[in-house]
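Structural description and commentary
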Amino acid sequence: MNKIKDFKTLIVKKPLTLDCGRVINNFPIAYETYGKLNEKKDNAILIFHALTGDQFVTGKNPVTNKDGWWSYAVGPGKSIDSDKYFLICANVISGCMGSFGPSHIDPETNNSYGTNFPVITINDMVNAQVNLLDHFGIDKLFSVIGGSMGGMQVLQFVSNFPDKAKTAVPIACTSSHSAQNIAFNELGRQSIMADPNWINGDYQKENKNPSNGLSVARMAAHITYLSKKGLENKFGRKLQERDDLKFGFDADFQIESYLRYQGSVFVDRFDANSYLYITRAMDYFDLPRKFEGSLSKAFNNTKTKFFIISFTSDWLYPTQENKEIVIALNSIGADVGFAEIESDKGHDSFLLDVPDFLNVLKNFVDKSYEELTK
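Residues numbered from 1 in each chain as written. Predicted model: local features only at pLDDT ≥ 70, side-chain atom pairs only at ≥ 80, totals over all residues. Heavy atoms only, no water.

**Observations concerning the overall build of the protein chain**
Stated precisely, the cut-off is as follows: Secondary structure elements follow DSSP: runs of H or I no shorter than four residues count as helices, runs of E no shorter than two count as strands, and numbering proceeds from the N terminus. Within these notes, the globule rule equals 2.2 Å times the number of residues to the 0.38 power, and the radius of gyration is based on C-alpha atoms. Each residue is assigned to one of three classes by its accessible area relative to the maximum for its type, calculated with a 1.4 Å probe on protein chains only: buried under 20%, partly exposed between the two thresholds, exposed over 50%. Any pair of residues with heavy atoms lying within 4.5 Å of one another is described as a contacting pair. Computed with the Shrake-Rupley method and a 1.4 Å probe, the accessible areas treat only the protein chains shown as cover for residues. In this tally, Asp and Glu contribute negative charge and Lys and Arg positive charge; neither His nor the terminal groups of the chain are included. By convention, the charge on Lys lies at NZ, on Arg at CZ, on Asp at CG and on Glu at CD.
Each helix and strand in the protein chain was counted, giving 10 helices and 14 strands. Relative to its length of 374 residues, the protein chain is compact, with a C-alpha radius of gyration of 20 Å against a globular reference of 21 Å. Summarising its shape, the C-alpha atoms of the protein chain cover approximately 65 × 55 × 40 Å along the three principal directions. The buried share of the protein chain, taken over its 374 residues, is 57%. Of all intrachain contacts in the protein chain linking residues separated by at least 6 positions in sequence, the fraction that spans at least 24 positions is 70%. For the protein chain, the computed accessible surface area is about 16,500 Å², with 48% contributed by carbon and sulfur atoms. Distance from the positive charge centre (40 side chains) to the negative charge centre (44 side chains) of the protein chain: 3 Å.

**A word on the environment of A298**
Along the polypeptide, A298 turns up in the loop between α8 (272-284) and β13 (305-311). Sequence-distant contacts of A298, that is, excluding residues within four places in its chain, are made with S159, L287 and F291.

**Quick notes on the pattern of salt bridges**
Threshold: Any carboxyl oxygen of Asp or Glu within 4 Å of a side-chain nitrogen of Lys or Arg constitutes a salt bridge here.
If you walk through the whole model with that rule in mind, you get 11 salt bridges. For the salt bridge of K362 with D366, the shortest nitrogen-to-oxygen distance reads 3.1 Å. Taken together, the residues K362 and D366, both in helix α10 (residues 355-372) and four residues apart, mark about one turn of the helix. For K362, a relative accessible area of 26% puts it in the partly exposed group. Three or more residues are tied together by salt bridges with common partners; here these are E186, R189, R280 and D283.

**Digging into the pairing of strand β5 (residues 44-48)**
Worth spelling out the cut-off: Here, any two strands with at least 2 DSSP bridges between them count as paired.
Of all five residues making up β5, five are buried, and the element is well covered by its neighbours. Side chains A44, L46 and F48 of β5 all project onto a buried face; the interleaved residues I45 and I47 project onto the opposite face, where all are buried too. In terms of strand pairing, β5 meets strand β8 (residues 86-90) through four bridges, oriented parallel. Across the sheet, the residue bridging to L46 is I88, located in β8.

**Structural notes on the packing of helix α1 (residues 122-129) against helix α3 (residues 149-160)**
Operational definition: A fitted line through C-alpha atoms represents every axis, and for helices the fit uses only the stretch in contact; the resulting angles, taken between N-to-C directions, go from 0 to 180 degrees. Just so you know how the angles are binned, under 35 degrees is roughly parallel, over 145 roughly antiparallel, 65 to 115 roughly perpendicular, and the rest oblique. Handedness of a helix crossing follows the sense of rotation of the near helix relative to the far helix, less than a right angle counterclockwise being left-handed and clockwise being right-handed. Only Asp, Glu, Lys and Arg are considered charged in this grouping, and only Ala, Val, Leu, Ile, Met, Phe, Trp, Tyr, Cys and Pro are considered nonpolar; every other residue, Gly among them, is considered polar.
The interhelical angle for the contact between α1 and α3, taken along N-to-C directions, is 65°, at an axis separation of 9 Å. As summarised for this structure, α1 and α3 are arranged roughly perpendicular, according to the angle between their axes. Helix-helix and strand crossings are classified by hand; for α1 and α3 the assignment is right-handed. From α1, I122, N123, M125, V126, N127 and Q129 reach across to α3, where they touch M149, M152, Q153, Q156, F157 and N160. Of the residues in the contact of α1 with α3, the class split is six nonpolar, six polar and no charged.

**Observations regarding the packing of aromatic side chains**
Two descriptors summarise a pair of aromatic rings, namely the distance from one centre to the other and the angle between the planes of the rings. Condition: Centre distance within 6.5 Å is the pairing criterion for rings of Phe, Tyr and Trp, where only the six-membered ring of Trp is used; planes under 30 degrees apart are then read as stacked, over 60 as edge-to-face, and the remainder as tilted.
The full count for this structure, using the stated rule, is 22 aromatic pairs. Both rings, one in Y85 and one in Y369, keep their centres 5.2 Å apart while their planes meet at 90°; by these two values the pair is edge-to-face. With a gap of 284 residues between them, Y85 in the loop between β7 (80-81) and β8 and Y369 in helix α10 connect regions that are remote in the sequence. As far as the burial class goes, Y85 and Y369 line up, both buried. Note on F142 and Y369: the rings are 5.1 Å apart at their centroids and 80° apart in plane angle, and the pair reads as edge-to-face.

**Quick word on the nonpolar core**
When a protein is soluble and globular, its nonpolar side chains tend to lie buried together. The condition is simple: What makes a nonpolar core is a set of buried Ala, Val, Leu, Ile, Met, Phe, Trp, Tyr and Cys residues whose side-chain atoms join them at distances within 4.5 Å.
I93, V144 and F157 are the most contacted members of the largest nonpolar core, which totals 75 residues. Here this core takes seven residues from α8, the largest share from any one element. Not counting the four nearest positions on each side in its chain, I93 is found in contact with L18, I24, F27, I29, S99, F100, I120, D124, M125 and A128. Core analysis: the next-biggest nonpolar cluster, separate from the first, contains 35 residues, A30, A172, F350 and L358 among them.

**Description of the sheet that holds strand β12 (residues 165-171)**
What links the strands of a sheet is backbone hydrogen bonding, and the strands pair in either a parallel or an antiparallel sense. Reading across from one edge, β1-β4-β8-β5-β11-β12-β13-β14 is the order of the eight strands in this open sheet, with mixed pairing throughout. In this open sheet, the two strands that pair with only one neighbour each are β1 (9-12) and β14 (336-341). Neighbour-to-neighbour, the strand axes of the sheet open up by a mean angle of 20°, direction not taken into account. Both β5 and strand β11 (residues 141-147) contribute to a ladder of four bridges, which runs parallel. Its bridge partner being in β11, I47 is matched across the sheet by I145. Contacts from helix α9 (residues 319-331) reach β13 and β14 within the one sheet, and its direction differs from that of β13 by about 160°.

The structure is reproduced here in structure tokens:
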């Protein structure tokens, strides 16, 4: 993670006042780019990643040696065409792929920050990433796009910088985290903190890793990304390479084995403290709260063209929560479109090969670019 590889990094030298009141400066933002910025600099898209994503959107991730997290949607000729657009994606601050996070060294102690790292919000993440526009000399993005926590960042970005993006595509997200989602995140955090190797967040100093707790956190979260129908279709009650029950606590069922695998591979690529911080940022996300409880007021000054996308089987960020964003934008006369995609793949639909979604996304992006850059 942060200590594994030399990442492409921007050092942000100007101070950033965080929502928690602390000030950071001279901090790194790790990022990747895809495609080329044209002469007019009007083809740039800022992509925001979700909870467990990173800057490696497509192609091979050099750390995991696996395909980028959005390889179905992003790349040459795909929905977000890297032959046509200049794509930027940054690892969020508090992450573990090179951006300033809890595994970085605190100069005051010469140890990793651990839980001495400042608590980060979605607002902080966005305010840090906007520095990339100055770095590339981009006055206005063609689009900001992201799913799940990435969608939250899209909403926050347009609210903070109403003149910085021509279009915005928040996918499978919400304008404020629900009690149910806070509960799921707390379950994950408690599983990490209950691991004796967590050591109050100082596990790196002791050369340990709360891998069991992080694995359980990942397993619990992964269930929320799927749907009941999808799980039934893929696994049902199929047994794991055996003809009968073993009457024990090994993985009798294929779904058990699948979840254990998801947990085991996750701990090799993600930092436990980063998981705590990022889920906390999601829980704190409540865009209407800063605007007297009115989501509409969050977008009063924007002329950005919105396109909201949800999925029928997503119970983590259901269609109704996405529609609330549409209603808020409609109430102020904003330019907004909406699509609900039929899919049995749950919340993870935006990351998977769902042709209807990929076609709708490509159609909006390409047509909007033709209209808005004439």
